[in-house]
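As a plain string of letters, each chain reads:
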Amino acid sequence: MAADSPENFRLTVLNPGGRDPEQQFHRVPAPGEGAHPPINFHAFAACTLGTFHRDARSAIAENTPVLLLLRSDFRASERALVDLKKQGRTVAVSLKEAGLHQIAQQLRNAARLSRFMKIVRGADGCIATTLEAAEVYQRLRSKRDPTTVTFIPTPYPIEDQRWNFSLPASEQSGIFVGTREWDVPSRNHFAALLLARQLCEDTGEPVSVANLDGYKGRQFLAELRFPEGKLRLIEKWISYPDYLRNVARHQIVLQLDRSHVPGQVAGDALLCRIPCVGGDGAIERIAFSKTCGEGRTITEVASMALDLLKSSELRAAVVAESQERALERLSFGAVRSQLGKFFAQLQGATAF
């Protein structure tokens, strides 16, 4: 099963008992193609031209290394690990939800915690999509080889021009608020909306907010009293490509998320070629290190956002730097190489 080069490496991603159907990535799909866009954990399969499964038997039949996702109460993941190891597969595991608050929520049950610790210690290795999750895995596997745990961010098809949703600066306006969860404290959604309102008042730029809470959400937003006609609400589910086309019409993406998540909001901004400001997700810290919220106060984030809204040249410079960093560390080619090297180490083969 060991590959001879990164170009030949194929990965099977297994989400046991999940809802997403089987998906084979014989090539990277164009926007709108396939059952699921090549983002998040589907991107690990897509960047290696591998497969995404929810049934362990199908994953075993692929005869490739497996990235096993840990979800729900971990029972299905535990059974899948046993089946995969019986068949001699090399298995790395990863929490499907890897934000700090999500890890805490999943592991506050004693039986679930016990099952999680058993799985992490029994797998060949662990892939973390955040640095914080990597530290969790490393501590649980402290007596094992430290090279069996790695941080690999979720990739984005930056190098594929079909996934370039950029628009001319003349067609962009306003602020897209990247968060939408009022009830997750670490998202800081209320604070982000207050900041967006201030920036709107200072610059006259409109603000777009996703509201999937219907009338209740509109009530909350009405209390914030945005300037008349400046608040745009997105209130229905749309396809991922249409969502990206919407985001691309803005000048910046703004958030104050402190959840240390993998960072899809920043990944979306990369595909749209606009700056992402204020969050602390893994992708944002890599690609938008000069505008992310890590180690910065809300006042500092506000100042950065204001400067970006006032200067198209500054926005262009941030985008150029983010694309360069993304090509080096977050592109399909870069992550495929990282995955190939890591699984070669786990298999005891010569690293690529």
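Now for a quick tour of the structure. What you see is a predicted model; the values in this text were computed from it and never measured.

1. Some details on the pairing of strand S9 (residues 207–210)
Every other side chain in a regular strand lies on the same face of the sheet, so the side chains alternate between the two faces. Neither face of S9 is exposed, since Val207 and Val209 on one face and Ser208 and Ala210 on the opposite face are all buried. Judged from the 2 bridges that link them, strand S8 (residues 175–177) and S9 form a sheet pairing that is parallel. Bridged to isoleucine 175 within S9 is valine 207. What joins S8 to S9 is helix H7 (residues 189–203), and the crossover it makes is right-handed. In this sheet, strand S10 (residues 231–234) lies alongside S9 in parallel orientation, the contact comprising 4 bridges. Bridged to valine 207 within S10 is leucine 231.

2. Quick word on the environment of arginine 108
Topologically, arginine 108 is positioned in the loop between helix H4 (100–106) and helix H5 (110–122). Sequence separation of arginine 108 and valine 247 is 139 residues, and the distance between their C-alpha atoms is 36 Å.

3. Notes on the environment of glutamate 201
Here glutamate 201 is to be found in helix H7. Distance from glutamate 201 to proline 227, taken between C-alpha atoms, is 7.0 Å for residues 26 residues apart in sequence.

4. Structural notes on the pattern of salt bridges
Counted under the stated rule, the structure contains 16 salt bridges. A salt bridge links lysine 290 to glutamate 321; its shortest N-O distance comes to 3.4 Å. On the criterion of sequence distance, the pair formed by lysine 290 in the loop between helix H11 (282–287) and helix H12 (298–310) and glutamate 321 in helix H13 (residues 312–329) is long-range, its members being 31 residues apart. Take glutamate 321: its relative accessible area is 24%, and that puts it in the partly exposed class. Within the structure, one salt-bridge network assembled from shared partners comprises Glu78, Arg115 and Lys118.

5. Observations concerning the packing of H12 against H13
Relative to each other, H12 and H13 sit at 110°, their axes nearing to 5 Å. Relative to H13, H12 is oriented roughly perpendicular. Residues Asp307, Leu308, Leu309 and Lys310 of H12 touch H13, and the partners they reach there are Ser312, Leu314, Arg315 and Val318. Here the contact of H12 with H13 is composed, by residue class, of 4 nonpolar, 1 polar and 3 charged.

6. Some remarks on the sheet that holds strand S5 (residues 91–95)
Two modes of strand pairing occur in sheets, parallel and antiparallel, and in both the strands are linked by backbone hydrogen bonds. With respect to topology, 7 strands assemble into an open sheet ordered S2-S3-S1-S4-S5-S6-S7, the strand pairing being mixed. Taken across any chain shown, the strands that pair with only one partner, and hence form the sheet edges, are strand S2 (23–24) and strand S7 (149–151). Relative to strand S6 (residues 125–128), S5 is paired through 2 bridges, and the arrangement is parallel. Pairing of valine 93 across the sheet is with cysteine 126, part of S6.

7. Quick word on the packing of aromatic side chains
Between two aromatic rings, the relevant description is the distance of the centres plus the angle of the planes. One pass over the full model with this rule turns up 10 aromatic pairs. Judged by centre distance (5.7 Å) and plane angle (40°), the rings of phenylalanine 41 and phenylalanine 44 are tilted. Taken together, the residues phenylalanine 41 and phenylalanine 44, both in helix H1 (residues 40–47) and 3 residues apart, mark about one turn of the helix. There is no split in this pair, since phenylalanine 41 and phenylalanine 44 are both buried. Residues tryptophan 163 and tyrosine 240 carry aromatic rings whose centres are separated by 6.3 Å and whose planes lie at 40° to one another, so their mutual orientation is tilted. Placement of the pair is tryptophan 163 in the loop between S7 and S8 and tyrosine 240 in helix H9 (residues 240–247), with a sequence separation of 77 residues. Judged by its relative accessible area of 11%, tyrosine 240 is buried. An aromatic cluster is built from Trp163, Phe165, Phe176, Tyr240 and Tyr243, whose rings are joined through pairwise contacts.

How each quantity is defined
Residues numbered from 1 in each chain as written. Predicted model: local features only at pLDDT ≥ 70, side-chain atom pairs only at ≥ 80, totals over all residues. Heavy atoms only, no water. Buried < 20%, exposed > 50% of the residue type's maximum accessible area, 1.4 Å probe, protein only. Helix = DSSP H or I, 4+ residues; strand = E, 2+ residues; numbered from the N terminus. Pairing = 2+ DSSP bridges. Right-handed = clockwise from strand over helix to strand, strands pointing away. Salt bridge = Lys/Arg side-chain N within 4 Å of Asp/Glu carboxyl O. Axes fitted to C-alpha atoms, helices over the stretch in contact; angles between N-to-C directions. Parallel < 35°, antiparallel > 145°, perpendicular 65-115°, else oblique. Contact = heavy atoms within 4.5 Å. Nonpolar A, V, L, I, M, F, W, Y, C, P; charged D, E, K, R; others polar. Phe/Tyr/Trp six-rings, centres within 6.5 Å; stacked < 30°, edge-to-face > 60°.

Purely geometric stuff here, so don't read any function into it on its own.
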